[in-house]
Amino acid sequence: MNALLTDLYELTMAAGYFEAGKTAERAVFELAVRRLPPRRNFVIAAGLPQVVDYLLNLSFTAEEIAYLRDLPQFRNVSSAFFDYLRDFRFTGDLFAVPEGTPLFADEPMLTLRAPIAEAQIPETYLLSALSFQSLIATKAARCVEAGGGRSIVEFGTRRAHTPEAGVLGARAAYIGGCAGTSNTLAGFRYGIPVMGTVAHSWVMAFCSESEAFRQAQRLLGESAVQLIDTYDTIKGAHRAAEAKGPFWGVRIDSGDYLAVTRQVRGILDDAGHADARIMVSGDLDEYRIRDLLAAGAPIDGFGVGTQLSVSADAPTLSTVYKLVELEICGIQRFTAKFSDDKPSYPGSKQIFRDTHRDVIARSGECGRGEALLRPIILGGRLLEPLPTLEQARQRAAASLASLPASLRQLDEAEPWPVIHSRELRELIERTRHNILG
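Residues numbered from 1 in each chain as written. Predicted model: local features only at pLDDT ≥ 70, side-chain atom pairs only at ≥ 80, totals over all residues. Heavy atoms only, no water.

A. Examining the overall build of the chain more closely. Tallying secondary structure elements over the chain gives 17 helices and 19 strands in all. In terms of overall dimensions, the chain has C-alpha extents of about 80 × 50 × 35 Å along its principal axes. Relative to its full complement of 437 residues, the chain shows a buried share of 51%. Put simply, 73% of the contacts in the chain that link residues at least 6 apart link residues at least 24 apart. As displayed, the chain offers around 19,900 Å² of accessible surface, 51% of which is attributable to carbon and sulfur atoms. Charge-centre separation for the chain: the mean point of 47 positive side chains lies 1 Å from the mean point of 53 negative side chains. (Helix = DSSP H or I, 4+ residues; strand = E, 2+ residues; numbered from the N terminus. Buried < 20%, exposed > 50% of the residue type's maximum accessible area, 1.4 Å probe, protein only. Contact = heavy atoms within 4.5 Å. Areas by Shrake-Rupley, 256 points an atom, 1.4 Å probe, with all protein chains shown as cover. Lys, Arg positive; Asp, Glu negative; His and termini not counted. Charge placed at Lys NZ, Arg CZ, Asp CG, Glu CD.)

Dropping the structure here:
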């Protein structure tokens, strides 16, 4: 794994720790969401396999070390530091919440415990990997909730910020409840159902729309989804309805979806294709889906692309990675930030969730309900295989179903109660006194 996929200051700090003789000190960092994005009542944790793969394979190549040697920021660093990088591996511990777990503000998504440089360097990658997929999984869950049981298919790779972001976005969207993806590599790599038939170019490539539909029907049979809005949606619906055999249905990518789907539904039914379904796509998000269905649009499925693949209304997540604890020669020291609007809290923690609240406690405390942070890597070794993508998807569905209905709606609701345990509150106050005097 490319160890240079990080911010420069992670590496300059690592060099500083080495030169100061601090590499034996064990640090505890926590990654959490400081604030929920606008109109979000939760965030679904996603991206853990990519984090695990990164940590288990983290190392520096000779070429990367040579590059760092030549940077002016490392001019005063001893050659022993670069020898240290040559043998660098992650030897620490990782605790994390399972993928598919809804989380709330200030709750740790993961805890990293390792020698300080090993814990510092991964910061950038961990924040990026978890923030992106968690955003997409959360957006997908909102679209699925708005769909009320209709299929939501992820269509967003062509609008994603990179092709690989499209693949990981499809993965995250599946965790969030999407029925499938248009991304073939995501299907191959992760086993996600892949969906899609033809584009407008297919229809335009034939001399007539009817011929394009016949050829699609011949090629795809019952799986054919006829794209009927290339020229005139109503005429396209009549031509699609001329099919002699069964087909999946039609897709509409433009127009007044409420009015046109009602007309198309009637055309299909009158032609004896009551089983044919109607899918719409094109600039959809959870709000348009909700409003169309509330108005009675006869839509059976939605293809959601741009708005989902970049979480367009909330494209960033305020994830933070903070040092909360140090062990120096066997002596434990707690660390925290007490700035006005960006505090962090000392000590390694655990989250306990029961039926009516979450309690953030100190690590090692006993609590009621489910303990969310689980050991994943100990001593640089993976304890056991991670849950499958399907299991993460099932966990997300079950966890969301257990939350109050108000939290699953698209508008902001009364927050889920999250409190600190008595022991954690006492530690915060002691640490505040020790630091601020």
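The discussion continues.
B. Spotlight on helix 10 (residues 209-220). Taking 1.5 Å as the rise per residue, helix 10 with 12 residues should run 16 Å; its terminal C-alpha atoms sit 16 Å apart, in good agreement. What helix 10 keeps buried is the set Glu-209, Ser-210, Ala-212, Phe-213, Gln-215, Ala-216 and Gln-217. Contacts made by the buried residues of helix 10 are with helix 9 (200-204), strand 8 (225-227) and helix 11 (233-240). (Expected span 1.5 Å × (residues − 1).)

C. Local environment of the packing of helix 1 (residues 8-19) against helix 4 (residues 79-86). Contact geometry for helix 1 and helix 4: axes closest at 10 Å, N-to-C directions at 115°. Here helix 1 is positioned roughly perpendicular relative to helix 4, judged by the angle of their axes. The two elements helix 1 and helix 4 meet at a crossing, and its hand is right-handed. Counted together, Leu-11, Ala-14, Ala-15, Phe-18 and Glu-19 of helix 1 and Ala-80, Phe-81 and Tyr-84 of helix 4 form the full contact between these two elements. (Axes fitted to C-alpha atoms, helices over the stretch in contact; angles between N-to-C directions. Parallel < 35°, antiparallel > 145°, perpendicular 65-115°, else oblique. Left-handed = near helix turned anticlockwise from the far one by under 90°.)

D. Summary view of the nonpolar core. Of all hydrophobic cores here, the largest spans 58 residues; its most connected members are Val-264 and Phe-302. Apart from the residues within four sequence positions on either side, Val-264 is in contact with Ile-228, Thr-233, Ile-234, Ala-237, Val-250, Ile-252 and Ile-278. (Core = buried A, V, L, I, M, F, W, Y, C linked by side-chain atoms within 4.5 Å.)

E. Main features of the packing of helix 6 (residues 123-147) against helix 13 (residues 286-294). Contact geometry of helix 6 with helix 13 gives a least axis separation of 8 Å together with a crossing angle of 5°. In terms of orientation, helix 6 lies roughly parallel with respect to helix 13. For the pair formed by helix 6 and helix 13, the contact residues are Lys-139, Arg-142, Cys-143, Ala-146 and Gly-147 on the first element and Glu-286, Tyr-287, Ile-289, Arg-290 and Leu-293 on the second. For the contact of helix 6 with helix 13, the class distribution of residues is 5 nonpolar, 1 polar and 4 charged. (Nonpolar A, V, L, I, M, F, W, Y, C, P; charged D, E, K, R; others polar.)

F. Highlighting the environment of Glu-10. As for its position among the elements, Glu-10 is in helix 1. In the structure, Glu-10 is positioned 213 residues away from Ser-223 in sequence and 51 Å away in space, judged by C-alpha atoms. Residues within four places of Glu-10 in sequence aside, it is in contact with Gln-120, Ile-121, Glu-123 and Thr-124. One polar contact links Glu-10 to Thr-124, side chain to side chain, over a distance of 3.2 Å. (Polar contact = N/O pair within 3.5 Å; in protein donor to acceptor, adjacent residues only side chain to side chain.)

G. Looking closely at helix 12 (residues 257-270). Relative to the 20 Å expected for 14 residues at 1.5 Å per residue, helix 12 spans 20 Å between its end C-alpha atoms, a close match to the ideal helical length. All buried positions along helix 12 are accounted for by Tyr-257, Val-260, Thr-261, Val-264, Arg-265, Ile-267 and Leu-268. Each buried residue of helix 12 lies within a common arc of 165° when the element is viewed along its axis, so the set occupies one face. Lining the buried residues of helix 12 we find helix 11, strand 9 (249-252), strand 10 (277-281) and helix 13. Count one or two residues on from helix 12 and you reach Gly-272, which has phi positive near 85°. (Arc of directions from axis to C-beta.)

H. Summary view of the environment of Tyr-190. Tracing the sequence through the fold places Tyr-190 in helix 8 (residues 184-190). For Tyr-190, a relative accessible area of 22% translates into the label partly exposed. On a C-alpha basis, the gap between Tyr-190 and His-420 in space is 38 Å, while along the polypeptide they are 230 residues apart. Other than its neighbours up to four places away in sequence, Tyr-190 contacts Gln-50, Val-167, Leu-168, Arg-171 and Leu-389.

I. View of the pairing of strand 5 (residues 108-115). Most of strand 5 is tucked away: 7 of the 8 residues are buried. Here strand 1 (residues 26-33) runs beside strand 5; their pairing, made up of 7 bridges, is antiparallel. Paired with Phe-29 across the strands is Leu-112, a residue of strand 5. Pairing geometry for strand 3 (residues 93-96) and strand 5, over 4 bridges, is antiparallel. Paired with Phe-95 across the strands is Thr-111, a residue of strand 5. (Pairing = 2+ DSSP bridges.)

J. Seen up close, the packing of aromatic side chains. For the coordinates displayed, the defined rule picks out 12 aromatic pairs. Ring geometry for Tyr-54 against Tyr-125: centres 4.1 Å apart, planes inclined by 10°, an arrangement best described as stacked. With Tyr-54 in helix 2 (residues 48-56) and Tyr-125 in helix 6, this pair connects stretches of sequence that are 71 residues apart. The same class applies to Tyr-54 and to Tyr-125, which are both buried. (Phe/Tyr/Trp six-rings, centres within 6.5 Å; stacked < 30°, edge-to-face > 60°.)

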